[in-house]
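# Per-entry structural report
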Amino acid sequence: MKVDVLLGLQWGDEGKGKVVDVLTPRYDVVARFQGGPNAGHTLEFEGQKYVLRSIPSGIFQGDKVNIIGNGVVLAPDLFMDEAKDLEKSGHELKSRLHISKKAHLIMPTHRLLDAAYEAAKGKNKVGTTGKGIGPTYTDKISRNGLRVGDILENFEEKYAAHKARHEEMLRALNYTDYDITEVERHWMEGIEYMKQFPLVDSEHEVNNLLKQGKTMLCEGAQGTMLDVDFGSYPFVTSSNTICAGACTGLGLGPNKIGDVFGIIKAYCTRVGAGPFPTELFDETGDKIRAIGHEYGAVTGRERRCGWIDLVALKYAIMVNGVTKLIMMKSDVLDSFETIKACVAYKQNGNVIDFFPYDINEGIEPVYVEMPGWNQDLTKVTSEAEFPKAFKDYIAFLEEQLETPIAIVSVGPDREQTIER
Ligand code: GDP
Ligand code: IMO
Ligand code: MG
């Protein structure tokens with residue numbers, strides 16, 4: 001069987017969690033392949049709201065197997081808190097949430113290093129989530145990492161050696177004013193808690209499941225514009241968020257990939273520092289933020305808001321091989337008289353329609369303006385009920401992006417989802 005991959009095409013928070021939850025009944029397995037607790041994936045159903053950080057969003061639909069792949073970085077303390085909360089609300093996890101032994105561990109000192117590096121960057125701060133993501137992936141790539149499989153043998157010894165190395169680095173960064181005694185105690189409790197879950201060789205597991213004819217959905221975290229290779233570097237996260245990340249983050253051959261679902265908002269947001277060509281600094285941006293509740297699910301930070309950027313989206317579709325688009329938060333634009341879409345950039349006076357090497361400076365968006373639909377979409381249940389101006393907006397995006405929009409979301413609830 002083929003594996004479908006679902007990922008964000010913008011700067012994260014596109015609504016991936018909601019769509020994974022909606023699509024899960026069609027799959028046997030849901031797997032995360034990169035990122036860690038920097039993610040905040042929100043799901044709403046039956047009047048309940050959940051925010052998932054490390055646990056795949058397929059966890060709420062029946063007895064599906066959910067896998068945390070080798071490409072993920074895991075903080076045992078945060079994982080324990082998240083899992084216990086779900087268990088308290090009646091969701092059994094221990095038999096159906098499998099964790100790769102090759103996933104890397106985020107240590108308390110990785111979080112300190114995250115803060116220390118940010119402080120050292122001065123005005124060029126990335127605005128990270130502070131979860132230790134960068135330092136953990138750095139240790140992985142520099143062959144210094146600690147993996148989930150390490151907790152099964154001589155762990156205290158390995159932990160102490162890694163901690164000592166981090167403390168030396170913190171001293172070199174003049175970052176010495178901390179006390180992690182309590183955090184460390186909680187973290188170690190998380191290590192013991194994790195041992196109650198199946199710790200697996202997930203590359204064997206996913207390939208065996210596929211051989212048995214099982215279907216699988218891979219859930220991306222962050223978004224394409226935060227990809228370490230193709231995003232708005234250096235204002236990115238530290239993993240490959242694109243489709244190729246599903247191959248390396250789970251041990252899947254590229255020929256196993258089926259559909260690639262690209263998730264977009266009907267507009268665009270970004271949280272943290274870095275360039276954002278279509279950002280709005282006026283009341284239109286404030287209105288999008290207010291109606292769309294655009295505040296970070298992990299850090300509570302205000303999300304920066306702007307119009308949809310088709311130049312960046314075409315690039316994202318290209319590097320991911322997107323086969324179908326899924327448009328979220330359409331309802332947020334219900335009350336706008338006009339809607340804009342960026343179709344080109346002006347760079348140093350020249351109009352360009354491709355995504356350039358560097359968007360950090362001197363990019364001005366070129367917009368096309370369209371009439372809004374001025375109608376409540378939140379109760380619409382079929383495409384036939386779409387207002388004409390909304391149909392026109394969809395048709396315009398499909399034509400520009402040369403990719404079909406297969407699903408349209410008109411509200412945060414599972415039910416507010418329309419397939420076309
Ligand atoms: P993710 O990180 O991609 O999973 O997205 P987040 O959960 O961080 O942010 C998406 C937010 O939008 C969440 O609060 C969702 O509940 C909400 N949401 C998702 N789809 C829709 C939609 O179609 N309309 C509205 N109004 N909200 C939505
Ligand atoms: P989900 O999966 C939005 C951003 C941070 C910062 C940059 C680097 O919910 O879409 P990091 O902590 O990863 O080193 O921070 O990336 N960022 C996200 N922005 N949604 C996310 O995840 C994000 N994860 C990281 O704000 O700019
Ligand atoms: Mg999010």
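On a predicted model such as this, the values are computed, not experimentally measured, just so you know.

About the thresholds
Residues numbered from 1 in each chain as written. Chains lettered and ligands numbered in written order. Predicted model: local features only at pLDDT ≥ 70, side-chain atom pairs only at ≥ 80, totals over all residues. Heavy atoms only, no water. Near = heavy atom within 4 Å. Polar contact = N/O pair within 3.5 Å; in protein donor to acceptor, adjacent residues only side chain to side chain. Areas by Shrake-Rupley, 256 points an atom, 1.4 Å probe, with all protein chains shown as cover. Donors = N, O, S within 2.8 Å, 3.2 Å for Na, K, Ca; no water. Helix = DSSP H or I, 4+ residues; strand = E, 2+ residues; numbered from the N terminus. Buried < 20%, exposed > 50% of the residue type's maximum accessible area, 1.4 Å probe, protein only. Pairing = 2+ DSSP bridges. Disulfide = S-S within 2.5 Å. Core = buried A, V, L, I, M, F, W, Y, C linked by side-chain atoms within 4.5 Å. Contact = heavy atoms within 4.5 Å.

## Side note on the site of ligand 2
Surrounding ligand 2, one finds 21 residues, the nearest of these being Lys16, His41, Thr129, Gln222 and Thr237. Gly127 is positioned such that a nitrogen or oxygen atom in its backbone is 3.4 Å from an oxygen atom of ligand 2. Note that an oxygen atom of ligand 2 is positioned 2.7 Å from one of the side-chain N or O atoms of Thr237. Protein chains shield 98% of the accessible area of ligand 2, which is 550 Å² for the free molecule.

## Observations regarding the coordination of the magnesium ion (ligand 3)
Binding of the magnesium ion (ligand 3) to the protein goes through Asp13 (OD) and Gly40 (O), at separations of 2.0 to 2.2 Å. Taken as a pair, Asp13 in the loop between strand E1 (3-8) and helix H1 (16-23) and Gly40 in the loop between strand E2 (29-32) and strand E3 (41-45) lie far apart in primary sequence, 27 residues in all. Using a relative accessible area of 11% as the deciding quantity, one classes Gly40 as buried.

## With respect to the sheet that holds strand E9 (residues 199-200)
Pairing in this open sheet of ten strands is mixed, and the strands run E9-E7-E5-E2-E10-E1-E11-E15-E19-E20 from one edge to the other. In the strand order of this sheet, the two ends are held by E9 and strand E20 (417-419), each with one partner. Bridge count between E1 and strand E10 (residues 216-219): four bridges; the pairing is parallel. Residue pairing in the sheet places Val3 in a bridge with Met216 of E10.

## A look at the state of the cysteines
Within the structure shown, the criterion is met by zero disulfides. The thiol sulfur of Cys243 is not disulfide-bonded, and the nearest other cysteine sulfur, from Cys247, lies at 6.0 Å. Overall, Cys243 belongs to the buried group, its relative accessible area being 8%. Cys305 provides the cysteine sulfur closest to Cys268, a residue in no disulfide bond, and the two sulfurs are 9.1 Å apart.

## Remarks on the pairing of strand E5 (residues 65-68)
Bridge count between E2 and E5: four bridges; the pairing is parallel. Bridge pairing links Val29 to Val65 in E5. For E5 and strand E7 (residues 97-100), the ladder comprises three bridges, and the chain directions are parallel. Residue pairing in the sheet places Ile67 in a bridge with His98 of E7.

## Observations regarding the nonpolar core
One finds Leu9, Leu310, Met327, Tyr393 and Leu397 to be the most contacted residues of the largest nonpolar core, which totals 57 residues. At seven residues, helix H11 (residues 388-401) tops the list of elements feeding residues into this core. When sequence neighbours within four positions are dropped, the list of residues in contact with Leu9 reads Glu14, Thr224, Met225, Gly262, Ile263, Ile264, Leu313, Ala316, Ile317, Asn320, Val322 and Leu325. Ranked by size, the runner-up nonpolar core spans 32 residues in total, among them Ile59, Phe79, Tyr159 and Trp187.

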